[in-house]
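Chain and residue survey
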Amino acid sequence: GYTQPDGVPKAYQAKKDSGNENESDQEVKANQPVKVIRKLREEDLRLEPLCDELVTYFSERMISAKTLRRNNVSQRKRNNKIVIAFTYRRDKVLVGCKYREVSKKFSQEANTEKILYGLDDIKQARDIIIVEGEIDKLSMEEAGYCNCVSVPDGAPAQVSNKLPDKDHDKKYSYLWNCKEYLDPASRIILATDADPPGQALAEELARRLGKERCWRVKWPKKNETEFCKDANEVLMFLGPRALKEVIEGAELYPIRGLFNFKDFFPEIDSYYLGIHGDELGIPTGWKCMDGLYKVVPGELTIVTGVPNSGKSEWIDALLCNINNQCGWKFVLCSMENKASHCLLSMLSSLSFHSTPRNNDDFGV
């Protein structure tokens, strides 16, 4: 038969819906592979308190021992190396564990449920901060923000073309697994890395969480030529106060068709001062009318009047005046008259000092 994306044969599903499911069909269903979520136990991981060398490593990154203890950051001997262990917990129960070598090589316990790091810190929180790495979450705490979580799997290379449904959204399953923690939040600040993958992650998160409640940060400069890449760089180079200012200065995540009034301030100033271009309009060619009406680019002018009152003749004269003064050219569409009649009408509006040499002199 035909296999659907979820792996259930179409023929079997039809039999099940009609009530004609038999024993052999049940065996087919039973033989479908099912991923078993592994339950971790504290004693199986053999985690240890951080040694002095690793405490010093975090200290150099401006992470205090107090913050490390509160977040249960530990160490473990793995593949003959001492690695940092970040424990993922829900309601204080161990769910997963991610390992990091000082050389920035990552690994994690296989077949565990994907959740956000620091999940218990956002329970019933109205404001939430989401970062791209565990150390960034710890950095936020140094700036006074405990209501912060980190994604477990880093950032994608680029934004996906299509948003999958919940059942097939494997890459971001941690959002669905933590939905009850995320739903109460009215504001979610996306503090992902400044590089292209980090920005792609922010877009993927916003698409799933709802852009209307998402905010984003702008990372400051760490020197004359470079910008900070993430929360930990801000903490290391500029200090906790600067990191706090980054969060306080978060802006609404851009939504198509929704604008911030302050974005238009330069344009409004130029309009008021009349220095940008033709904001105040260009003369009509009649001084007595310029005080009442001028032609402004981008605006629609509708000329009305009773039949045979001279509407078309006036517009023809206006076009000729603007062509003569500003060099504008026009496309003229008439539903009543032929092109030759329109041209004769415009010629009658001109007062020539000399005979035009070609059609270009009319601006048509």
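Residues numbered from 1 in each chain as written. Predicted model: local features only at pLDDT ≥ 70, side-chain atom pairs only at ≥ 80, totals over all residues. Heavy atoms only, no water.

The name given to the protein chain in an unreviewed UniProt entry is Toprim domain-containing protein, with the source organism recorded as Aegilops tauschii subsp. strangulata.

1. Comments concerning the overall build of the protein chain
Of the regular secondary structure elements, the protein chain holds 15 helices and 9 strands. By the burial criterion, 35% of the 364 residues in the protein chain qualify as buried. A separation of at least 24 residues holds for 62% of the contacts in the protein chain among residues at least 6 apart in sequence. (Helix = DSSP H or I, 4+ residues; strand = E, 2+ residues; numbered from the N terminus. Buried < 20%, exposed > 50% of the residue type's maximum accessible area, 1.4 Å probe, protein only. Contact = heavy atoms within 4.5 Å.)

2. Brief notes about the confidence of the model for the protein chain
Do not read the predicted coordinates in detail wherever pLDDT is low. In the predicted model, the protein chain carries a mean pLDDT of 85, and the fraction of residues at 70 or more is 85%. This stretch, residues 23–29, has a pLDDT under 50; its non-local contacts, to residues over four places away or in other chains, come to 8 contacts. Note that pLDDT drops below 50 for residues 352–357; the model gives that stretch 4 contacts with residues more than four away or on any other chain. (pLDDT = per-residue confidence, 0-100.)

3. Description of the nonpolar core
One broad rule of soluble globular proteins: the nonpolar side chains tend to lie buried together. Ranked by internal contacts, the top residues of the largest apolar core, which has 58 residues, are F58, M140 and W219. If you tally residues by element for this core, the top one is helix α9 (residues 196–209), at 5 residues. M140 has contacts with I129, V131, Y145, C148, A191, W219, A231, L243 and I247, leaving out every residue within four places of it along the chain. Grouped together as the second largest cluster of nonpolar side chains are 7 residues, L40, L45, V83 and Y99 included. (Core = buried A, V, L, I, M, F, W, Y, C linked by side-chain atoms within 4.5 Å.)

4. So, the sheet that holds strand β3 (residues 93–100)
Taken in spatial order, the 4 strands line up as β1-β2-β3-β4 in an open sheet, and their pairing is antiparallel. Each of the sheet's edge strands pairs with one partner strand only, and the pair in question is β1 (74–78) and β4 (106–108). This sheet shows a mean twist of 35° between the axes of neighbouring strands, independent of strand direction. In terms of strand pairing, β3 meets β4 through 3 bridges, oriented antiparallel. The partner of K98 across the bridge, within β4, is Q108. Across the sheet, helix α4 (residues 52–60) touches β1, β2 (81–90) and β3, and the angle it forms with β2 is around 70°. (Pairing = 2+ DSSP bridges. Axes fitted to C-alpha atoms, helices over the stretch in contact; angles between N-to-C directions.)

5. Side note on the pattern of salt bridges
A side chain of one charge can pair with a side chain of the opposite charge when the charged atoms of the two come close. Per the counting criterion, the structure on display carries 27 salt bridges. The partner of E113 in a salt bridge is R90, with the nearest N and O atoms 2.9 Å apart. A residue pair is termed long-range when its members are at least 10 positions apart, and E113 in the loop between β4 and β5 (127–131) and R90 in strand β2 qualify at 23 residues. Given the relative accessible area of 22%, E113 is considered partly exposed. On the accessibility criterion, R90 (19% relative accessible area) is buried. In this structure, E251 and K218 form a salt bridge, with 3.8 Å as the shortest nitrogen-oxygen distance. Here the residue E251 occupies a position in strand β9 (residues 251–252), and K218 occupies one in the loop between β8 (214–216) and α10 (231–238), the gap between them amounting to 33 residues. A single network of salt bridges, built from pairs that share partners, joins R38, R76, R78 and E109. (Salt bridge = Lys/Arg side-chain N within 4 Å of Asp/Glu carboxyl O.)

6. Regarding the packing of aromatic side chains
Scanning the entire structure with this criterion turns up 6 aromatic pairs. Considering the side-chain rings of Y57 and F58, the 5.4 Å spacing of their centres and the 75° angle between planes classify their relative orientation as edge-to-face. Each member of the pair, Y57 as well as F58, is classed as buried. Taking 5.1 Å as the distance between ring centres and 55° as the angle between the ring planes, the aromatic pair formed by Y88 and Y117 counts as tilted. Residue Y88 is located in strand β2, and its partner Y117 is located in the loop between β4 and β5; the two are separated by 29 residues in the primary sequence. A relative accessible area of 5% places Y88 in the buried class. An aromatic cluster of three or more residues is present, and its members are F86, Y88 and Y117. (Phe/Tyr/Trp six-rings, centres within 6.5 Å; stacked < 30°, edge-to-face > 60°.)

7. Overview of the state of the cysteines
Applying the stated criterion across every chain yields a total of 0 disulfides. Note on C146: no disulfide assigned, nearest cysteine sulfur contributed by C148 at a separation of 9.3 Å. (Disulfide = S-S within 2.5 Å.)

8. Structural notes on the side chain of Q75
Looking at where Q75 falls in the secondary structure, it is placed in strand β1. A distance of 2.8 Å separates a polar atom in the side chain of Q75 from the backbone nitrogen of C51. (Polar contact = N/O pair within 3.5 Å; in protein donor to acceptor, adjacent residues only side chain to side chain.)

9. Quick notes on the packing of helix α6 (residues 134–142) against α10
For the pair α6 and α10, the least separation of the axes is 7 Å and the interaxial angle reads 45°. The angle between α6 and α10 falls in the class oblique. Along this stretch, α6 crosses α10, giving a crossing that reads as left-handed. For the pair α6 and α10, the contacting residues are I135, D136, S139, M140 and E142 in the first and A231, N232 and L235 in the second. For the contact of α6 with α10, the residue count by class is 4 nonpolar, 2 polar and 2 charged. (Parallel < 35°, antiparallel > 145°, perpendicular 65-115°, else oblique. Left-handed = near helix turned anticlockwise from the far one by under 90°. Nonpolar A, V, L, I, M, F, W, Y, C, P; charged D, E, K, R; others polar.)

10. Some words on the pairing of β5
The element β5 is extensively covered by neighbouring structure, given that 4 of its 5 residues are classed as buried. In this sheet, strand β6 (residues 148–150) lies alongside β5 in parallel orientation, the contact comprising 3 bridges. Within β6, the position partnered with I130 by the bridge is V149.

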